[in-house]
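Here is how the chains run, residue by residue.
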Amino acid sequence: MIRAAVLPAVGAPLEITGIELPEPGPGRVRIRLAAAGVCHSDLSLTNGTMRLPVPAVLGHEGAGTVVSVGEGVTHVAPGDGVVLNWAPSCGACHPCSLGEVWLCVNALNGAAEVHARAADGRDLHPGLNVAAFAEETVVSANCVLPLPECIPLTDAALLGCAVLTGWGAVHHAARVRAGETVAVFGVGGVGLATLQAARIAGASTIVAVDVSPEKEELARAAGATEYVVASETTAREIRKLTGGNGVDVAVECVGRAVTIRTAWESTRRGGRTTVVGIGGKDQQVSFHALEIFHWGRTLAGCVYGNSDPAADLPVIAGHIREGRFDLGALVTERITLDGIPGAFDAMLAGKGGRALVVF
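A.B. asks: So what exactly am I meant to see when it comes to the nonpolar core here?
C.D. replies: Counting 90 residues, the largest nonpolar core has Val-38, Phe-133, Leu-159, Leu-195 and Ile-340 as its most contacted members. For this core, the element with the highest residue contribution is helix α4 (residues 189-201), accounting for seven residues. Non-local contacts of Val-38, meaning those with residues more than four positions away in its chain, are made with Glu-61, Phe-133, Ile-335, Ile-340, Ala-343, Phe-344, Met-347, Arg-354, Ala-355 and Val-357. Val-6, Ala-118, Ala-134 and Val-138 belong to the second-largest nonpolar core, a separate cluster that totals twelve residues.

A.B. asks: How should I be thinking about the sheet that holds strand β2 (residues 15-20) in this particular structure?
C.D. replies: Note: strands within a sheet are paired through backbone hydrogen bonds, in either parallel or antiparallel orientation. If you walk around this closed barrel you meet the five strands as β1-β2-β7-β8-β4, and the pairing is mixed. Here strand β1 (residues 2-7) pairs with strand β4 (residues 56-57) via two bridges, running antiparallel. By the bridge assignment for β4, Val-6 is matched with Val-57.

A.B. asks: Could you clarify how one ought to interpret helix α6 (residues 234-241) in this entry?
C.D. replies: Note that an α-helix has 3.6 residues per turn; residues three or four places apart therefore point the same way. Restricting attention to buried positions, one finds in α6 the residues Thr-234, Ala-235 and Ile-238. The arc that holds the buried residues of α6, viewed along the axis, is 95 degrees, so those residues lie on one side. Looking at α6, the residues exposed on the side facing more than 90 degrees away from the buried face are Arg-236 and Lys-240. Each element contacted by the buried residues of α6 is listed here: β11 (182-185), β12 (206-210), β13 (226-229), β14 (247-252) and α7 (257-265).

A.B. asks: How should I be thinking about the packing of helix α3 (residues 162-173) against helix α9 (residues 309-321) in this particular structure?
C.D. replies: Each pair of packed helices can be described by the angle between their axes along with the distance between the axes. Across the interface, α3 lies against α9 with an axial gap of 11 Å and an inter-helix angle of 95 degrees. By the criterion of interaxial angle, the relationship of α3 to α9 is roughly perpendicular. The segment α3 lies against α9, with Val-163, Leu-164, Trp-167 and His-172 engaging Pro-309, Asp-312, Leu-313, Val-315, Ile-316 and His-319. Among the residues forming the contact of α3 with α9, the class breakdown is seven nonpolar, two polar and one charged.

Basis of the calculations
Residues numbered from 1 in each chain as written. Predicted model: local features only at pLDDT ≥ 70, side-chain atom pairs only at ≥ 80, totals over all residues. Heavy atoms only, no water. Core = buried A, V, L, I, M, F, W, Y, C linked by side-chain atoms within 4.5 Å. Buried < 20%, exposed > 50% of the residue type's maximum accessible area, 1.4 Å probe, protein only. Helix = DSSP H or I, 4+ residues; strand = E, 2+ residues; numbered from the N terminus. Contact = heavy atoms within 4.5 Å. Pairing = 2+ DSSP bridges. Arc of directions from axis to C-beta. Axes fitted to C-alpha atoms, helices over the stretch in contact; angles between N-to-C directions. Parallel < 35°, antiparallel > 145°, perpendicular 65-115°, else oblique. Nonpolar A, V, L, I, M, F, W, Y, C, P; charged D, E, K, R; others polar.

Now the structure itself:
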């Protein structure tokens, strides 16, 4: 038996309890977790914003060491450090055939499988394929990426979601060019990664926006040149900081209608707004036809940073090794499994960056 964080039902409190994992069958890998990040997507599973089978072991941003492998697994071996990829592409569906692996229609098929068994006999699913909120997990081999050379195993957990998402939002979705101005809405784990990515891209003015004044120091350390506390005048303040024009690019990392609308209004005529945050169906964003024509802005969604993890991780790792990207700067709290409910509460209250579960 190992300890894990189990969501028994949508809207129910997490249970930190013992579960029984199977041995890895063909094409599967057993991993001892070193760390797992607490992401807003995990919270979205608990409240039903994202719908996947329950009861489930949550956690999708993790890194660890291979314990054993099943038949046919050759790209990793026992003792190897690995990063978990919660959205593996199948390589065969229509988006994959177009090279858009982040839109793979089969990426979350594994969430419907039986992952483990609870002490009381309940079958458990892997919340977002990889069930990283556990001392150990068993995953499909295509959910396992070799740990990039010289990257600390514990901090590498952040590569599995926050970093790939923030990096990709800047470099793939928004395609920020050197000298452009950028606003980042939401200074959580993904927002902090986005700020660092914008700095690396060579953005000139980088405006961080958050409801919490206490996050200014975090934001500036990540690369923000300006900080705005969110209010009804946010768009006006951002235009003032950019010569009255608005930013070239706004990246929304919150997933709320009012924030998406404000991000769009904060961009210049012809600017680009990229929405990373996952909002609920009740979050309706409205535009009238004339403003869409007049402003000529682009509003686009962004899934997992529009990233190909296998291709992007080595690039990001190079920036980490050269000191340009600081993984540790995303983490504001290191906790145990028992601290996950408290980390969810802090997230809801808008406090801190990334909480990291360390095993």
